[in-house]
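Observations on the three-dimensional arrangement
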Amino acid sequence: MGAHDVHDEQDTARTLRAISGELSDRFYERDDVVRTLVVTLLAGQHSLVLGPPGTAKSEMARELTGRIEGASYWEILLSKFTSPTRMFGPIDVAALARGEYRQVYDGRATTAHIAFIDEIFKCSTAALNETLGYLNERIYHPESGGEPISCPLIGAITASNELPSGEDLAAIYDRLLVRIEVGYLADPSNFAALVRSAVRRPVPQTRTTIELAALQQAVTDGVPAVEVPDMIVDAVCTLRAALRRRELVASDRRWRQSVSLLQASAYLDGRPAVAETDLSVLTHVLWDSPAERPAVEREVLQLVNPDAKEALDLADVIEELETQLDAMAGQSREALSEWVIKKAHNKLAMAGKRLEKLRLEAAGSGRSTAAIDRVAGRQRAVRARVLTEALGMDPSMVQAQL
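Keep in mind it's a predicted model, so treat the numbers as computed, not measured.

1. Focus: the side chain of histidine 46
Positionally, histidine 46 belongs in the loop between α2 (31-42) and β1 (47-50). Among the polar contacts made by the side chain of histidine 46, one reaches the main-chain carbonyl oxygen of leucine 135 at a distance of 2.8 Å. Reaching out from histidine 46, the side chain makes a polar contact with the side chain of arginine 138 at a distance of 3.4 Å. With near-sequence residues (within four places) excluded, histidine 46 lies in contact with Thr40, Leu135, Arg138, Leu153, Gly155, Ala156, Arg175, Leu176, Leu177 and Val178.

2. What to know about the environment of valine 93
Within the element layout of this structure, valine 93 appears in helix α5 (residues 93-97). The class for valine 93 is exposed, based on a relative accessible area of 63%. Sequence separation between valine 93 and alanine 192 is 99 residues; the distance between their C-alpha atoms is 52 Å.

3. As for the environment of arginine 30
Residue placement: arginine 30 occurs in the loop between α1 (3-26) and α2. Arginine 30 gets classed as buried once you look at its relative accessible area, which sits at 7%. The spacing of arginine 30 and leucine 314 is 284 residues in sequence and 21 Å in space, taken between C-alpha atoms. Apart from the residues lying within four places of it in its own chain, the contact partners of arginine 30 are Thr55, Met60, Val182 and Gly183.

4. Focus: the pattern of salt bridges
Counting across every chain of the model gives 32 salt bridges. Of the charged contacts, one joins arginine 385 and glutamate 322 as a salt bridge, the two residues approaching to 2.9 Å between their closest N and O atoms. You can see arginine 385 sitting in helix α15 (residues 370-390) and its partner glutamate 322 sitting in helix α13 (residues 307-327), a full 63 residues away along the chain. For the pair formed by arginine 385 and glutamate 322, the shared burial category is buried. Several salt bridges converge on common partners, so that one network encompasses Glu22, Arg26, Glu59, Glu63, Arg67 and Arg207.

5. So, unusual backbone geometry
Note: most peptide bonds trans; most residues except glycine with negative phi. With a phi close to 65°, alanine 56 is a non-glycine residue in the positive phi region. Inspection of the secondary structure assignment puts alanine 56 in the loop between β1 and α3 (57-65). A relative accessible area of 25% means that alanine 56 is categorised as partly exposed. At glutamate 119, a position not held by glycine, the phi torsion is positive, near 55°. Considering the arrangement of structural elements, one finds glutamate 119 in the loop between β4 (114-118) and α6 (125-137). Exposure remark for glutamate 119: the relative accessible area of 10% places this residue in the buried category.

Reading guide: rules and limits
- Residues numbered from 1 in each chain as written.
- Predicted model: local features only at pLDDT ≥ 70, side-chain atom pairs only at ≥ 80, totals over all residues.
- Heavy atoms only, no water.
- Helix = DSSP H or I, 4+ residues; strand = E, 2+ residues; numbered from the N terminus.
- Polar contact = N/O pair within 3.5 Å; in protein donor to acceptor, adjacent residues only side chain to side chain.
- Contact = heavy atoms within 4.5 Å.
- Buried < 20%, exposed > 50% of the residue type's maximum accessible area, 1.4 Å probe, protein only.
- Salt bridge = Lys/Arg side-chain N within 4 Å of Asp/Glu carboxyl O.

What follows is the structure, given as structure tokens:
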């Protein structure tokens, strides 16, 4: 790779980081989700955003894909009755009147560079095989037969409110390498900001875009050129063994495909080689059911850096306090205040200070702070809930207290 190429690649990575930053500012509590979606696209892979309705899944996908200048974008909401022709190309009625059987592909999945498929697991039986071929091999077999059509798809972002049921849909689920869980906003101060944003006139925001050709160049040349050192291969082997001991088993194909995600993560950060910090993206790859995700996350993050274990132990303390708060719903303000004074306040304050120290140590040693930042976000969210629900503080005032 020449000096000019290296400069271009760094420029592309810088632009994508700017886009990630703008989206993270727009969508509260979605920093990791946004970065993971960008990394998945860079790796030329498909993602699933899993969560209840109204968690900005569609909006995030549209906002991200809308930043790619010159890309053909296709979006669909699937149902059990969606026909393959509606997805890949309707019949040309005018041609049919002349006795010709033709499909119109423009504006459909067949010509898209980026696809957003909502309610992916409502895929009809009729469209199942074509959807699998589209995701797996980027091809579509025309209704009239003949040679399969090669599709320019870089990656698909899919969304669902629920996991698939039945073996047929499990095949599609398996092809979605990255699985990201999203929930409703946890921090009351973020929720207050969300509500305020609905009544304020929107302020024009910076809108960085990237050319399709630059993204394609990154996917085909830039990301595969990122080096994968032996120490990373060893770390992946160690992680596989640790997960197997917990009876968490991923397929060989899934492990192999995940290498491109590690390379894409390093590329996005502007690094020429994969580092241990990139392994954190595997927390979105190596689980099948959401119940398995915390165990996978713990194993991955303990491998990523030594700070993670203590951060995750603090996360357990924070989650336990939130569970106690939920269990006290309906109790008197006096009882809640007593619980805060005797238990919650000190534990949350100590956790916050320790996380701050861990973050400084990690940053000072050049290690990733992503895991610590995520736990710190939970600490702030639970502390905000305690202040608003147990002590009755105004949510709009909470941010100043954190």
